[in-house]
Amino acid sequence: ESLFIQAWGIDQLPFAFLAAAVTVLGSGVALTRIGQRLSLPVFFRWVYGGAVVSTGVLTALLYLTPGHRGVSAALFIFAYTALVLLKNLLLQVAEEMFDLRQLKRLFAVVSSGAVLGMAVGGFGLNALLLILPDTRALVGVWALALAAVIALSTTVFKRYVRPENM
C-alpha cells in the first residue's frame, strides 16, 4: 500500500481496492475452470509459481521504471488479488488434508497461523528495512516467501493429501 500511496495518493486508494475486487472475481472464475482440469498439487504449484514469477517481474519493473505510477498500481492490484486467491487455495488444501471433524477442531489453529504470520511480519519489518536498500525490495522478499511455500507444499502434499487427489 505504501508504494501505491506514494505514487497515487491516499484519495485514489478506494479505486485501487475496487479494481482489486474486480480482478479477484475474474481471476477466481478463471482459476476455478483451470483447477477442475488439474490435480490439486499440480494446480497449487502452478498458481504459486505464477505468483512468484509475477512478483519477480513486478519487482524488476519497480527498479527499471522508477517513478512509473502504473507499476505501483499493478503491483497493488496484483498483491491484493494474490492474497485473496492464495488464501482460498490454502483453505482448499486444508480441506483435502483433513476430514470435517478435524477441520472444525483445527479451524482456530489453522486460521491463527495467518494472524501470527502478520504479527511476526509486522515486528520483523523494521529489522528487514534496515537490511534492505528501500521498500521496493520488500516485493522481492515476498517472492522468496512464495517460493518457500512452494517448496514446503511439496512435502505437505506428499505426506498428507489423499492419493485420489494427487
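Everything that follows concerns the structure shown earlier in this document.
Definitions and limits used
- Throughout this description, residue numbers start from 1 for each chain and increase along the sequence as written.
- Where totals are concerned, whole chains, interfaces and linings use all residues; where local detail is concerned, this predicted model gives features only for residues with pLDDT of at least 70, and gives and counts side-chain atom pairs only at 80 or more.
- For side-chain calculations, the full set of non-hydrogen atoms in the structure is used, while hydrogens and water are omitted.
- Comment: elements are numbered from the N terminus, with helices defined as DSSP H or I runs of at least four residues and strands as E runs of at least two.
- Here the term buried applies to any residue with accessible area under 20% of the maximum for its type, exposed to any over 50%, and partly exposed to those in between, with areas from a 1.4 Å probe on protein chains only.
- Here, residues are in contact when the closest pair of their heavy atoms is within 4.5 Å.
- Note on areas: Shrake-Rupley with a 1.4 Å probe; residue coverage comes only from the protein chains shown.
- Residues belong to one nonpolar core when they are buried, are Ala, Val, Leu, Ile, Met, Phe, Trp, Tyr or Cys, and are joined through side-chain atoms within 4.5 Å.
- A helix is expected to span 1.5 Å multiplied by its residue count minus one.

Peer 1: Just to check I follow, could you spell out the overall build of the protein for this structure?
Peer 2: Per the secondary structure count, the protein includes 6 helices and 0 strands. The helix and strand sequence of the protein, counted from the amino end, reads α-α-α-α-α-α. When the backbone C-alpha atoms are referred to their principal axes, the protein occupies close to 50 × 35 × 25 Å. A total of 166 residues make up the protein; the buried ones form 26% of that total. Put simply, 77% of the contacts in the protein that link residues at least 6 apart link residues at least 24 apart. With an accessible surface of roughly 10,600 Å², the protein has 71% of that area assigned to carbon and sulfur atoms.

Peer 1: It is not clear to me how the environment of V156 should be interpreted in this structure. Could you clarify?
Peer 2: When you line up the elements, V156 lands in helix α6 (residues 137-160). By relative accessible area, which is 28% here, V156 ends up partly exposed. Along the chain, V156 and V29 lie 127 residues apart, while their C-alpha atoms are 26 Å from each other.

Peer 1: Would you explain the nonpolar core in this entry?
Peer 2: Within soluble globular proteins, side chains that are nonpolar tend to cluster in buried spots. Counting residues in each nonpolar core, the largest one holds 21 residues, and the members touching the most others are F44, Y48, L62, L75, L86, L89 and L146. If you list the elements that add at least two residues to this core, you get α3 (40-64), α4 (69-97) and α6. Those residues in contact with L62 that lie beyond four places of it in its chain are L3, V71, L75, R136 and V139. Core analysis: the second largest hydrophobic core is formed by 5 residues, F4, L13, A16 and F76 among them.

Peer 1: Sorry if this is basic, but what is going on with α3 here?
Peer 2: Structurally, the α-helix is built with 3.6 residues per turn, so residues lying three or four positions apart point the same way. Look at α3: 36 Å from first C-alpha to last across 25 residues, which is about the 36 Å you get at 1.5 Å a residue. Listing the buried residues of α3 in full gives L40, P41, F43, F44, V47, Y48, A51, V52, T55, L58, T59 and L62.

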